[in-house]
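Coordinates in review
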Amino acid sequence: TDYLVSNWTPGNKALLQMAVQSWMFSRLENWGTTSWLESMQTKVQDILGEDDKDRRVAVFVEACSVLKQYETMAAPSILEMALWKREIESG
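Residues numbered from 1 in each chain as written. Predicted model: local features only at pLDDT ≥ 70, side-chain atom pairs only at ≥ 80, totals over all residues. Heavy atoms only, no water.

1. Side note on the pattern of salt bridges
A full pass over the atoms with the stated rule returns one salt bridge. Glutamate 62 is the salt-bridge partner of lysine 43, the closest N and O atoms lying 2.8 Å from each other. On the criterion of sequence distance, the pair formed by lysine 43 in helix α3 (residues 34-49) and glutamate 62 in helix α4 (residues 53-90) is long-range, its members being 19 residues apart. (Salt bridge = Lys/Arg side-chain N within 4 Å of Asp/Glu carboxyl O. Helix = DSSP H or I, 4+ residues; strand = E, 2+ residues; numbered from the N terminus.)

Shown next, in the form of structure tokens:
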């Protein structure tokens, strides 16, 4: 994705959009965090709409950082749900 962000062509823009949808958006959708998904969609639109390479790269780095924060916050909840499900299944 770094290559796609740095070497901006219409084809790379389309590839980045597809990659981000499968990489970032699918994670957020699976967690059921609508507000996080909407926030990330806005950041991705900012990336896709940015003509300045340096600004585009900066927004991409920021989006990756935010995704890491989301993952850190979601990890305990996902673990709790897995443990809860296991407890229910074991009856």
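2. Things to note about the packing of aromatic side chains
Tallying each qualifying case throughout the model produces one aromatic pair. On the basis of an interplanar angle of 0 degrees and a centroid distance of 4.4 Å, the ring pair of tryptophan 36 and tyrosine 70 is categorised as stacked. Highlighted residues: tryptophan 36 in helix α3 and tyrosine 70 in helix α4, separated in sequence by 34 residues. (Phe/Tyr/Trp six-rings, centres within 6.5 Å; stacked < 30°, edge-to-face > 60°.)

Function cannot be read off these values alone, since they describe shape.
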